[in-house]
Each structure stands twice: as C-alpha cells, then as structure tokens.
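# Residue-level structural notes
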Amino acid sequence: MEDWEAVDVLLVEDNPQDAELIHRALKKHNLVNRIHTVEDGAEAVDFLFCRKKYADRDMVQGPRVVLLDLKLPKMNGLDVLKSIKANEHTRSIPVVVVTSSREDPDIRAAYALGANSYVVKPVDFKGFAEAMSQVGLYWLLVNQPYR
Amino acid sequence: MKLRTRITLILLLLAIVPLIGVTWLAYHNGKNTIEKQTINHLDSTNLLKGSEFHRWINDNKRSLQELAQRPLVKEYAGILATHDASAPKYFSAKQDLLVHHLGVRLQYGGFTELFVICPGHGIILASTNSRQEGKYRDNRRYFTEGKSHTYVQSVYYSATLEQSTMVIGTPIRNETGNLIAVLAGRLNLTELSNIMEQGCSLRSTEDTYLVNTFNFFVTEPRFGQNYALRKVVRTQGVEDCLSGRDDVGFYKDYRGVPVIGAYKWLADYDLALVTEMDQSEAYAPVYRLAEQIGGITLTVIFLIGGLGLFLSHSITQPIHQLVAGAQEIGRGNLDFQVRTAAKDEIGALSRAFDEMAEKLRYNILQLEASNKELEAFAYSVSHDLRAPLRAIDGYVDILKEDYHDRIDDEGRRIMGVVQREAERMGQLIDGLLTYSRLSRVEMSVSRIDMTTLARSVYHELTTPEDRERIDFQGDSLPPAMGDPTLIRQIWVNLIANAVKFSADRNRAVIKISGKTKENELIYTIEDNGAGFDMQYVDKLFHVFQRLHSSREFDGTGIGLANVQRAILRHGGRIWAHGEPDKGATFYFTLPRKGG
C-alpha cells in the first residue's frame with residue numbers, strides 16, 4: 001500500500017459522460033488518486049511521449065495503466081495502441097481496451113496489437129463500474145509492471 | 001442419354017431405316033424377277049428339250065417307216081419270212097438287206113441295231129447285231145403292236161442286252177397291205193442323253209434329264225455317270241411330275257442341292273422331263289446385289305455416324321462451354337464470360353448468358369455493397385445508441401447516490417422507470433446486434449449433440465424454482481450438423497420463449513423432440529403456455545413484431561427473427577402452430593448434411 005502515490009491512470013475517452021462515470025467508478029473504490037483524461041488519440045500520444053503541451057512531463061512518471069476507447073476522433077484507438085506497443089519505453093504499460101460492444105471486430109485487432117485486456121461498457125453502469133474497478137485493481141495492484 | 005449420342009443415333013436411324021427398306025425392296029424385287037426369269041428359262045428349256053425329244057423320236061420313226069417301205073426291203077423280208085434258211089435265195093437276200101439297207105441306215109445314226117422279226121413266231125430273222133438272230137421277241141410290245149402300226153416302246157431295261165433300251169417297231173407290208181414282217185430299230189440312247197445335255201453352257205448348273213415311271217433315270221444327268229436305269233430319283237419335282245403334272249418347283253435334287261426345277265410329263269412315252277438349275281446359281285445376281293447394298297449400307301453408316309458425331313460435337317461444344325460457364329459462375333467467379341463468335345441460336349444463347357452473368361455480377365456486387373453498408377449502419381447505430389443510454393443510467397445512479405435524501409418517493413419511482421426503460425432499450429440494441437451478427441458471422445459446421453445442448457441451455461435459462469414448476473421432456477434428439485453458436489442461439493430463444501410464455505402455469509410442460517425424415521432433421525418444441533392466435537402466425541418471425549403486450553410478457557420482438565435467421569443460414573425452415581391459452585409448438589428443420 002506504500003505505492004499509492006505512484007498510481008497513475010491515463011483514460012483516453014472522447015465521451016465526457018463516459019469519462020466522468022469511469023472516473024467516478026475508479027475514485028469510488030479508492031483505487032486511484034490521479035487519473036488523467038484525454039479526449040482524442042492524438043493527445044493521448046502526446047501525453048505518453050511527452051510532446052507538445054506535455055513536453056515538460058517526465059516519461060518515468062507513468063502512467064501505470066492506459067484505459068483506451070477504440071472509437072476516437074483524429075487518431076483512433078488502434079493507432080494509439082500501435083504507437084504504445086512500438087515504443088520500447090511505453091511497450092510495457094498495460095493497455096485495457098474499453099469498448100461499447102462485445103461484437104466489436106476491433107477487439108481482435110487490438111489483441112493482435114498487444115492489448116492486455118478489454119472491458120465492455122454496459123448500459124447498466126453499476127456493472128460497468130464493477131468491471132472497471134476489477135480491471136483497475138488487477139492492473140494497478142496485482143500485476144506488477146516491469147520497470 | 002447425352003445429347004451427342006442422341007443426335008448421332010437419330011441421324012443413323014434416319015439413314016439406316018430407309019436404306020434397309022430400299023435394300024429389302026431391291027432384294028425382294030430382284031429375287032422375284034430372277035425367280036420368274038429362271039422359271040421362264042427352265043420352262044422354255046424344258047419345252048425345247050421336249051420338242052427335240054419328240055422330233056428325234058419322230059425322225060427315227062419316219063426313217064424306220066421309210067426303210068420299211070423300200071421295195072427291196074419288202075422283197076428281202078418276204079424271202080426271209082417265207083423261205084428256209086438253207087435256201088440259196090435266203091442267204092443273199094439277208095446279206096443284201098443287212099449290208100445295203102439296214103447297215104447303211106445304221107451309219108446315219110439314231111439306231112444302234114436294226115432287225116427284222118418274223119410275224120409268225122416273233123423270231124429275229126436278221127439283225128445288224130448277228131448275235132440277236134434266232135431269238136424270240138414275240139412278247140415285246142414293239143413286236144405285238146408293231147405288227148399293226150409303228151410303235152415306240154419307251155425305255156426299259158433289257159436283261160438280255162444288259163442295258164437300257166428303247167425300241168421302235170413298224171410293219172413291213174406288201175402291195176396288197178398284208179404283213180410281211182416287223183422291222184424294229186433299237187434307238188441310240190446316248191444320242192438322247194446328248195440331246196438332253198445340249199445347249200447347257202459349261203458354267204451353268206442347268207441339268208435336263210428324263211425319268212421313267214419306276215423313278216429310274218433314263219438319260220444321264222449332268223452330275224452323274226452310269227445313272228441311266230441304274231439309279232432311282234425320288235425328288236419332289238420328279239414325284240410331282242410322275243403323278244402327271246407339269247409345273248415348276250423349289251426342292252432338293254438328286255444330289256441334295258437346292259434347285260429350281262421345271263418338269264413336264266411326256267404322256268406318250270411315260271417319261272418325266274425335268275430341267276433343273278441350282279438355286280445358288282440362279283440367285284447369284286441377287287446375292288451379289290445384296291452384298292453390294294450391304295457394303296453401301298455399311299459405308300453410309302460409317303459416314304453418317306461420323307457426320308453425326310461431328311454435327312453433335314459442333315452443337316454440344318458451345319453447350320458444354322455454357323455449362324462450364326454456369327458452373328464457373330456458380331463457384332463464385334462472376335467475371336466469367338463465354339464470349340462466343342457463333343452467329344447461330346446457341347451463339348445468341350451464349351450472348352444472352354453473358355449478358356445475364358454481367359447483370360448478375362452487377363446485382364450481386366450491389367447487393368453485397370448494400371448489405372455491408374446496412375450491417376455497418378446497424379452496427380454503428382446500435383453502438384452509438386448505447387452511449388447515451390449508459391449516460392442516462394449512470395447519471396441516474398449519481399442522482400440516487402448523491403441526492404438520495406433530497407428526492408421523495410415519487411421522484412425515486414420515476415428514476416426507477418427511467419433506468420428500467422434505458423435497460424430495455426439496451427436489450428433491444430443487443431437483439432439488433434445479434435440479428436445483424438447472425439448474417440455476418442462465418443459458419444463453422446460441426447456435429448452437435450442436440451440432447452445435451454438443449455438440456456444445458458434449459459438449465460442455464462432457468463432457476464431451480466422454475467425447474468420445480470416445469471416438466472421438461474427432451475430425450476434422444478438426433479444429432480445435427482451445424483454451427484454450434486448459431487444452433488445454440490436457436491435453442492436459447494426457443495426454450496426461453498417456452499419458459500417465458502408458460503410462466504403463469506402451475507404445471508408447465510415443455511416437450512422437445514426430434515426425428516429424421518428423408519434429408520431433413522425435424523425438431524419440435526412444444527409448451528402449454530399462452531400460445532398465440534394462428535391469424536398472426538406470419539408476423540411471428542419478423543423483427544419487432546410481438547403478439548403479446550409488454551405488460552403480459554416482457555420481450556424485444558427480435559428473438560424469433562434471430563431464430564429464423566440462424567435456421568435459414570443452415571438451409572432449414574421454421575414454422576409454428578399455436579392456440580391462445582393452450583400453448584405453442586415450434587418446428588424447425590436442418591439439413592442432415594449441414595448448411
């Protein structure tokens with residue numbers, strides 16, 4: 001439990017309502033102190049590689065897990081995933097794909113590109129919050145990243 | 001039968017049937033003509049030989065009569081008949097008679113022996129064959145009859161001479177008409193045989209001979225030696241002739257060879273005159289004709305057969321191309337074109353086929369495109385519809401959690417309705433997604449144990465309390481070939497329906513059965529639930545069509561549409577029977593070999 005301060009989630013989600021609800025679910029279970037939300041793929045890449053307005057961010061500061069929606073403006077989720085897994089510094093960051101449907105053909109593509117897990121956003125938000133916190137717990141606490 | 005074989009056979013038939021008809025006619029007519037000709041020929045030969053025989057006899061008769069009327073012959077015969085052999089007159093008279101008259105006559109031919117018989121005792125007074133002299137001939141017909149007129153005794157076998165013989169007797173009379181002696185001439189039968197043989201070419205098998213009433217040959221037949229009065233002949237023609245008939249016939253001759261024979265009864269001499277010719281020789285031209293026609297027929301058959309094969313090949317070749325094209329298109333190669341240059345009907349058909357294929361290709365491409373668009377549309381619509389629903393549900397949750405104490409009971413009820421409806425809409429979207437997925441997913445067919453599948457689906461869909469209430473029967477269903485996910489979807493929907501619509505029964509019965517019929521597997525699921533009115537049966541399998549209100553039974557109206565889609569994808573059918581408040585029965589089929 002001494003690692004709390006290090007927990008850092010990057011949430012890539014263009015829908016502000018979904019973002020707020022995910023944020024709330026994670027906070028509610030006291031899993032994360034710091035969540036950073038970006039609204040499109042391009043900004044996600046900027047954040048991860050400390051470019052443009054994130055230029056003064058230290059890459060060593062995480063994030064420890066990325067929650068990635070696949071349907072994004074500008075640069076879509078798969079491209080973001082590709083960039084993460086292509087770079088040796090970010091390759092080890094676990095990526096959890098967040099999708100609105102289990103039927104999404106992109107899930108398969110995401111796994112092929114190295115996604116670590118996926119979560120379906122249910123209409124029933126309680127279920128979603130539950131799922132989200134399980135995933136968060138697993139990737140943030142149980143699964144020790146290789147640093 | 002293949003078109004090619006049929007065309008060839010028809011052509012051959014068309015050629016052969018008339019040819020055979022013509023052949024038969026020609027053969028028949030030819031044979032008839034030749035038969036008539038042969039018969040005419042044999043008949044006339046017979047007539048000719050008959051008249052020659054008569055002439056020969058008559059010539060010899062007249063010659064004998066002329067001899068008998070010579071004054072010197074009369075004088076010598078008178079001396080021989082009235083004087084004793086020792087008288088000096090007797091010897092010179094006999095010498096003169098034999099040397100100058102009978103002997104000279106003998107040299108002209110016709111007779112082999114001439115002799116004078118005494119009219120009193122019938123003793124031979126003088127003969128060109130001296131050994132005959134002094135013998136009695138008083139019982140011979142030529143003597144007894146010859147005393148009064150010229151008489152021809154027909155052929156008989158002479159025991160004394162040990163040969164066949166024919167004798168003419170004629171009276172020698174003085175000026176007053178009194179009988180002096182009888183002059184007899186033994187005819188040369190070799191001449192008769194020669195007459196019979198005359199006129200027959202060497203090649204021909206034509207054969208003329210005489211037969212007497214004892215069936216003995218009188219003259220030598222062409223194909224026998226020393227037959228005369230030694231061999232009997234009992235052929236059909238001879239027997240017929242000996243019974244007194246003149247006719248022609250087809251029979252086997254004395255050699256056993258089939259012949260055509262003409263025969264004539266010579267009543268004056270009790271002889272049968274027979275002229276015969278081998279049938280093989282007579283019919284030789286007909287046989288030659290038949291051989292020629294046969295040769296022509298064979299040639300024609302080969303020619304027509306070749307022509308038929310060529311013709312049918314030229315007809316069926318483009319058809320084969322068309323068939324290959326149709327199969328190619330059937331395999332999915334829509335770009336295939338027959339492209340024929342032929343200007344005939346089959347060429348037109350090929351071009352029409354190409355046009356059709358082109359249109360088909362265009363239509364299929366369009367259909368595929370619009371199908372994809374529709375799927376993408378359905379997918380993204382249901383996808384995007386979920387986001388606001390999540391928001392509605394999630395934010396109502398926030399309201400419930402954070403503003404709990406500031407909302408009254410009515411407010412909380414309303415929030416409940418909002419969340420329930422959002423959830424329902426979510427179910428509708430899920431149903432739509434499944435619906436669009438059913439036509440999209442690739443099928444992987446394997447063998448499915450339907451009994452186990454139906455039972456496990458039933459257990460998944462029901463609680464232990466449900467199972468208390470429901471009498472579920474579903475044993476020994478025949479296994480099916482199909483996509484496990486799709487087949488599972490079918491059972492999920494049908495069993496869920498049966499459970500749902502029989503929920504208000506105290507004792508619900510759900511019965512699943514299956515059987516094999518010809519090439520189909522038929523499965524049935526029957527319940528005793530709410531049922532439906534058969535009036536609306538055609539709406540049952542349409543998307544969003546419901547026969548019950550949401551108040552009565554919850555539902556999206558997509559389940560049965562999904563079932564139908566899954567079954568259709570396997571190549572099966574689905575139908576249903578129902579009665580309000582009595583129950584419903586659903587039937588569906590799957591092909592035995594899988595979709």
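This text goes with the structure placed above it.
Throughout what follows, the structure given in this document is the object of discussion. For every chain, the first residue of its written sequence is number 1, and the numbers climb from 1 along that sequence. Going through the entries in the order they are written, you letter the chains from A and number the ligands from 1. Given that this is a predicted model, residues contribute local features only at a pLDDT of at least 70 and side-chain atom pairs are listed and counted only at 80 or more, while totals for whole chains, interfaces and linings are drawn from all residues. For the side-chain quantities, the full set of heavy atoms in the structure was used; hydrogens and water were omitted.

## Section: the interface of chain A and chain B
Worth spelling out the cut-off: In this description, contact between two residues means that some pair of their heavy atoms is separated by no more than 4.5 Å. Salt bridge, as used here: a side-chain nitrogen of Lys or Arg that lies within 4 Å of a carboxyl oxygen of Asp or Glu. As used in this structure description, the phrase polar contact means that two N or O atoms lie within 3.5 Å; if the pair is within protein, one of them must be able to donate a hydrogen and the other to accept it, and residues adjacent in sequence are counted only when both atoms belong to side chains.
Chain A puts 21 residues into the contact, and the matching count from chain B is 20 residues. At the boundary of chain A and chain B, one finds three salt bridges. The closest approach of N and O atoms between Arg24 of chain A and Asp402 of chain B, which form a salt bridge, is 2.9 Å. At the boundary of chain A with chain B, the tally comes to four residue pairs in polar contact (both at pLDDT 80 or more).

## A short note on a nonpolar patch on the surface
All names here are of chain B. Stated precisely, the cut-off is as follows: For patch detection, residues must exceed 30% relative accessible area and be free of salt bridges, and they are connected within 9 Å for like charges or within 5 Å for nonpolar side chains (Val, Leu, Ile, Met, Phe, Trp, Tyr). Note on areas: Shrake-Rupley with a 1.4 Å probe; residue coverage comes only from the protein chains shown. Put simply, DSSP marks the helices as runs of H or I at least four residues long and the strands as runs of E at least two long, and each gets a number from the N terminus on. Residue exposure (1.4 Å probe, protein chains only): buried if accessible area is under 20% of the type maximum, exposed if over 50%, otherwise partly exposed.
On the surface, Phe377, Val381, Leu385 and Met425 cluster together into a nonpolar patch covering about 330 Å² of accessible area. Per-element accounting of the nonpolar patch gives the leading share, three residues, to helix α9 (residues 345-402). Judged by relative accessible area, which is 55%, Phe377 ranks as exposed.

## Brief notes about the environment of Thr208 of chain B
Residues and elements named next belong to chain B. Within the secondary structure, Thr208 is located in strand β6 (residues 207-212). Since its relative accessible area comes to 2%, Thr208 is described here as buried. The spacing of Thr208 and Glu220 is twelve residues in sequence and 8.9 Å in space, taken between C-alpha atoms. When residues no more than four places from it in sequence are discounted, the contact partners of Thr208 are Thr45, Asn46, Lys49, Met196, Thr219, Leu273, Val274 and Thr275. In terms of polar contacts, Thr208 uses its side chain to reach the side chain of Thr275, at 3.2 Å.

## Looking at the pattern of salt bridges
In this structure the tally under the stated criterion is 25 salt bridges over all chains. Ionic pairing is found between Arg573 of chain B and Glu520 of chain B, a salt bridge with its closest N-O pair at 2.9 Å. Taken together, the residues Arg573 of chain B in the loop between α14 (559-570) and β15 (574-579) and Glu520 of chain B in strand β14 (residues 520-527) connect sequence positions 53 residues apart. For Glu520 of chain B, a relative accessible area of 25% corresponds to the partly exposed category. Several salt bridges converge on common partners, so that one network encompasses Arg24 of chain A together with Glu401 and Asp402 of chain B.

## A word on the sheet that holds strand β1 (residues 111-117) of chain B
Residues and elements named next belong to chain B. Condition: A pair of strands is labelled paired if DSSP reports no fewer than 2 bridges between them. Only the stretch in contact is used when fitting a helix axis, every axis being a line fitted to C-alpha atoms; angles between N-to-C directions are given from 0 to 180 degrees.
The antiparallel open sheet is built from five strands, whose spatial order is β2-β1-β5-β4-β3. Of all strands in the sheet, those bounded by a partner on one side alone are β2 (124-127) and β3 (151-158). Strand-to-strand twist in this sheet, taken as the mean axis angle between neighbours without regard to direction, amounts to 25°. Pairing geometry for strand β4 (residues 163-173) and strand β5 (residues 179-187), over seven bridges, is antiparallel. Bridge pairing in β5 places Pro171 opposite Val182. Sheet strands touched by helix α2 (residues 71-82): β1, β2, β4 and β5. Its angle to β5, the strand with the most contacts, is close to 110°. Each of β1, β2 and β5 is contacted by helix α3 (residues 88-107), which is oriented at about 150° to β1, the strand it contacts most.

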